[in-house]
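Spelled out from the first residue to the last, the chains are:
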Amino acid sequence: MKNFKNILASKRAKAGLLLTSVLASGSSFAADYSAEIGAAVGDGTTNYTAVVAGVITVAAIGFAIGMIVSKLNK
């Protein structure tokens, strides 16, 4: 029975070592996507700025055309 306990303790220690090494090496396989996320945020900001500028431009053109048509009707 004592031999069985020694074998069990040895296997438990090896399993713990294996688990620890797998968990530690798992973080080394994780990719760093911070540059891609930063680029995506920059692209999103650029697109948002373009949309806002487009909406303001369309509103200004619509207002100008409305003013011209109202002056021509008088």
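Everything here concerns the structure above.
For every chain, the first residue of its written sequence is number 1, and the numbers climb from 1 along that sequence. Reporting in this predicted model follows two pLDDT cut-offs: at least 70 for local features of residues, and 80 or more for side-chain atom pairs to be given and counted; totals over whole chains, interfaces and linings ignore these cut-offs and use all residues. Side-chain calculation: all heavy atoms of the structure are included, whereas hydrogens and water are not.

Re the overall build of the protein chain
Moving on, step 1. Helical segments are the DSSP runs of H or I of at least four residues, strand segments are the runs of E of at least two, and each set is numbered from the N terminus. For the protein chain, the helix and strand inventory stands at two helices and zero strands.
Moving on, step 2. When a residue's accessible area, from a 1.4 Å probe over protein chains only, is under 20% of the maximum for its type it is buried; when over 50% it is exposed; and in between it is partly exposed. Within the span of the protein chain, comprising 74 residues, buried residues form 0% of the whole.
Moving on, step 3. Using the Shrake-Rupley algorithm and a 1.4 Å probe, accessible areas are obtained, with residue cover drawn only from the displayed protein chains. When the accessible area of the protein chain is evaluated, it comes to approximately 6600 Å², of which 72% is carbon and sulfur surface.

Details of a nonpolar patch on the surface
Moving on, step 1. The patches described consist of residues with a relative accessible area above 30% and no salt bridge, like charges being joined within 9 Å and nonpolar side chains (Val, Leu, Ile, Met, Phe, Trp, Tyr) within 5 Å. Think of a salt bridge as a Lys or Arg side-chain nitrogen and an Asp or Glu carboxyl oxygen that are within 4 Å of each other. Side chains of Y33, I37 and V41 sit close together on the surface and give an oily, nonpolar patch of about 330 Å² of accessible area.
Moving on, step 2. With respect to the helices and strands, the residue Y33 is situated in the loop between α1 (2-29) and α2 (34-73).

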